[in-house]
Amino acid sequence: MSDRSGVGNVSRLPSLQEIRKAPKVLLHDHLDGGLRTATIIDLARERGHVLPSGDPDNLADWFRDASDSGSLDRYLETFAHTVGVMQSREALIRVAAECAQDLADDGVVYAEVRFAPEQHSEGGLTLDEVVEAVLEGFRQGSAGPDGRPRIRVGTLLTAMRHQARSREIAELAVRYRDVGVVGFDIAGAEAGYPPTRHLDAFEYLQRENAHFTIHAGEAFGLPSIWQAIQWCGADRLGHGVRIIDDITVSDIGPDGAGDGEAKLGRLAAYVRDKRIPLEMCPTSNVQTGAAPSIAEHPIGLLRRLYFRVTVNTDNRLMSGTSLSLEFAKLVEAFGYDWDDLQWFTVNAMKSAFIPFDERLALINGVIKPGFAHLKWQA
Ligand SMILES: [Zn+2]
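What counts as what
Residues numbered from 1 in each chain as written. Predicted model: local features only at pLDDT ≥ 70, side-chain atom pairs only at ≥ 80, totals over all residues. Pairing = 2+ DSSP bridges. Helix = DSSP H or I, 4+ residues; strand = E, 2+ residues; numbered from the N terminus. Axes fitted to C-alpha atoms, helices over the stretch in contact; angles between N-to-C directions. Contact = placed C-beta atoms within 7 Å. Right-handed = clockwise from strand over helix to strand, strands pointing away. Expected span 1.5 Å × (residues − 1). Buried ≥ 20, exposed ≤ 12 C-beta atoms within 10 Å, placed from the backbone. pLDDT = per-residue confidence, 0-100. Core = buried A, V, L, I, M, F, W, Y, C linked by C-beta atoms within 7 Å. Parallel < 35°, antiparallel > 145°, perpendicular 65-115°, else oblique. Nonpolar A, V, L, I, M, F, W, Y, C, P; charged D, E, K, R; others polar.

**A word on the sheet that holds strand 3 (residues 152-160)**
Thinking step 1. A sheet is described by the order of its strands in space; here eight strands give the open sequence 1-2-3-4-5-6-9-10, paired in parallel fashion. Strand pairing shows two members of the sheet lacking a second neighbour, strand 1 (24-30) and strand 10 (309-311), which therefore form its edges. Direction aside, neighbouring strands of the sheet carry axes that sit 25° apart on average.
Thinking step 2. One ladder, built from five bridges, connects strand 1 with strand 2 (residues 108-115); its direction is parallel. When the sheet's bridge partners are listed, histidine 30 is paired in strand 2 with arginine 114.
Thinking step 3. Running at roughly 155° to strand 3, helix 6 (residues 127-142) makes contact with strand 2, strand 3 and strand 4 (181-187) of the sheet.

See the structure below:
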């Protein structure tokens with residue numbers, strides 16, 4: 001497979017199959033955006049929920065097409081179907097268990113998966129019962145056949161930014177923090193719903209020494225990122241792609257007059273200096289128009305400038321993706337090698353919401369040896 005003689009030591013880029021074997025870390029993944037289509041069909045039948053198709057492959061295509069359509073209504077309709085079938089304890093346990101299994105099968109060793117408890121009470125479950133069901137599902141799905149965990153899953157509780165329940169959900173996150181909930185998030189339409197609307201929840205979490213990330217700078221620009229960091233105190237930024245608006249790169253130009261140097265505005269410089277993690281989701285950003293294409297995604301420049309960039313999936317079902325596939329697309333677009341992929345992975349592990357000693361144990365005991373093995377084989 002490779003030439004280890006040292007002669008003609010041509011570096012070959014990592015393939016999708018090889019990337020699947022790498023020990024990866026995922027920080028931004030939505031539980032209601034990653035269901036298996038066969039499971040949606042099963043659960044819909046039990047609940048009498050009507051779907052656009054009863055065939056798993058057709059349904060997968062429908063989800064991807066609706067998300068690709070550029071229509072917000074069609075995109076939101078996809079979540080009506082996934083959330084719609086996640087309204088009982090059994091359904092939540094199954095979906096969470098399969099999520100953990102699918103991520104482990106993709107080689108993810110640590111994941112933070114988020115969901116909004118307030119969206120799962122149509123069947124009569126209380127918020128606590130919703131959280132307990134999802135935690136139980138992650139517990140079941142993380143165990144391998146020998147009972148030993150194949151993956152560690154931390155849960156993030158999300159509040160919907162157009163609703164007014166963020167303080168309640170923040171309290172729920174603190175209540176369950178010793179049994180698997182590792183942080184809090186707000187999600188939903190950015191425009192018109194600035195993060196400062198939920199200041200009470202963020203200030204409460206800060207007083208409780210709790211961690212949180214905020215979806216910011218995806219559809220909406222710098223003010224949203226600025227508020228998330230400087231008003232709300234976010235530990236991480238969900239997406240944060242628009243930070244690129246605060247960076248100017250001088251053109252090299254055909255006559256070579258420019259130097260191609262990047263100049264950072266004060267906010268971009270602050271984000272980089274403070275090592276604020278950016279949870280970037282390349283395919284999802286292209287689907288929502290936050291980036292024109294993978295090749296033109298700001299991740300290329302931000303990685304070059306050593307921002308604390310991490311790579312994520314967002315909604316695996318809607319984007320028809322996996323963490324390995326996101327990495328493979330970046331390898332294709334930017335020519336990233338194993339060192340780049342390890343850098344993204346270590347960035348993500350450093351930025352996780354579990355305790356420092358546990359992050360370090362995963363970096364030194366799992367991630368570095370795993371990548372070293374793959375690099376040696378390449
Ligand atoms: Zn998201």
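Still more to cover.
**Some details on unusual backbone geometry**
Thinking step 1. Here histidine 239, not a glycine, exhibits a phi torsion of approximately 75°, which is positive.
Thinking step 2. Checked against the element boundaries, histidine 239 lands in strand 6 (residues 236-239).

**Some remarks on the pairing of strand 6**
Thinking step 1. Across four bridges, strand 5 (residues 212-216) lies against strand 6 in parallel orientation. Bridging from a neighbouring strand, alanine 216 pairs with histidine 239 of strand 6.
Thinking step 2. Tracing the backbone out of strand 5, into helix 9 (residues 222-231) and back to the parallel element strand 6 gives a crossover that is right-handed.
Thinking step 3. The sheet contact formed by strand 6 and strand 9 (residues 278-280) spans two bridges and is parallel. Paired with leucine 237 across the bridge in strand 9 is leucine 278.

**Some remarks on helix 5 (residues 89-105)**
Thinking step 1. The first and last C-alpha atoms of helix 5 sit 24 Å apart over 17 residues, in line with the 24 Å expected at 1.5 Å per residue.
Thinking step 2. Of all the positions in helix 5, only Ala91, Leu92, Ile93, Arg94, Val95, Ala96, Cys99, Ala100, Leu103 and Ala104 are classed as buried.
Thinking step 3. Buried residues in helix 5 make contact with strand 1, helix 2 (37-47), strand 2, helix 6 and strand 3.
Thinking step 4. Immediately beyond the C-terminal end of helix 5, within one or two residues, lies glycine 107, with a positive phi of roughly 90°.

**Regarding the confidence of the model for the protein**
Thinking step 1. Across the protein, pLDDT averages 93, with 95% of residues at or above 70.
Thinking step 2. In this model, residues 1-10 is a region of pLDDT below 50 whose contacts with residues beyond four sequence positions or in other chains number four contacts.

**Considerations on the environment of asparagine 364**
Thinking step 1. Locating asparagine 364 in the fold gives a position in helix 16 (residues 356-377).
Thinking step 2. On the basis of neighbour count, asparagine 364 is assigned to the exposed category, with 10 C-beta atoms found within 10 Å.
Thinking step 3. Each C-alpha atom, one on asparagine 364 and one on valine 346, is 9.7 Å from the other, the two residues being 18 residues apart in sequence.

**Side note on the pairing of strand 2**
Thinking step 1. For strand 2, a buried count of eight out of eight residues is recorded, marking the element as mostly surrounded by other parts of the structure.
Thinking step 2. The pairing of strand 2 with strand 3 spans six bridges and is classified as parallel. Pairing of alanine 111 across the sheet is with valine 153, part of strand 3.
Thinking step 3. For the crossover from strand 2 across helix 6 to strand 3, the handedness is right-handed.

**Regarding helix 9**
Thinking step 1. For helix 9, the full list of buried residues reads Ser224, Ile225, Trp226, Ala228 and Ile229.
Thinking step 2. Buried residues along helix 9 sit against strand 5, strand 6 and helix 10 (266-273).
Thinking step 3. Where helix 9 ends, the next residue or the one after it, glycine 233, has phi of about 80°, a positive value.

**Re the nonpolar core**
Thinking step 1. Core analysis: the biggest nonpolar cluster contains 94 residues, and Leu92, Ala96 and Val134 have the highest contact counts within it.
Thinking step 2. With nine residues, the single largest contributor to this core is helix 5.

**What to know about the packing of helix 15 (residues 338-350) against helix 16**
Thinking step 1. Packing of helix 15 against helix 16 leaves a shortest axis separation of 10 Å and a crossing angle of 170°. It follows from the interaxial angle that helix 15 and helix 16 lie roughly antiparallel. On helix 16, the residues touching Trp338, Gln342, Thr345, Val346, Met349 and Lys350 of helix 15 are Arg359, Leu362, Ile363, Ile367, Phe371, Leu374 and Lys375.
Thinking step 2. Broken down by class, the residue content of the contact of helix 15 with helix 16 amounts to eight nonpolar, two polar and three charged.

**With respect to the environment of leucine 59**
Thinking step 1. In this structure, leucine 59 sits in helix 3 (residues 56-68).
Thinking step 2. Here the alpha-carbon distance between leucine 59 and alanine 38, two residues 21 residues apart in the chain, equals 8.8 Å.
Thinking step 3. Residues within four places of leucine 59 in sequence aside, it is in contact with Thr37, Ile40, Ile41, Leu51, Pro52 and Ser53.

**A look at the environment of methionine 160**
Thinking step 1. Counting through the fold element by element, methionine 160 comes out in strand 3.
Thinking step 2. A residue is classified by how many C-beta atoms lie within 10 Å of it, and methionine 160, with 18 of them, is partly exposed.
Thinking step 3. The sequence separation of methionine 160 and phenylalanine 115 amounts to 45 residues, and the corresponding C-alpha distance is 9.7 Å.
Thinking step 4. In this structure methionine 160 touches Ala116, Glu118, Ala187 and Gly188, once residues within four positions along its chain are discounted.

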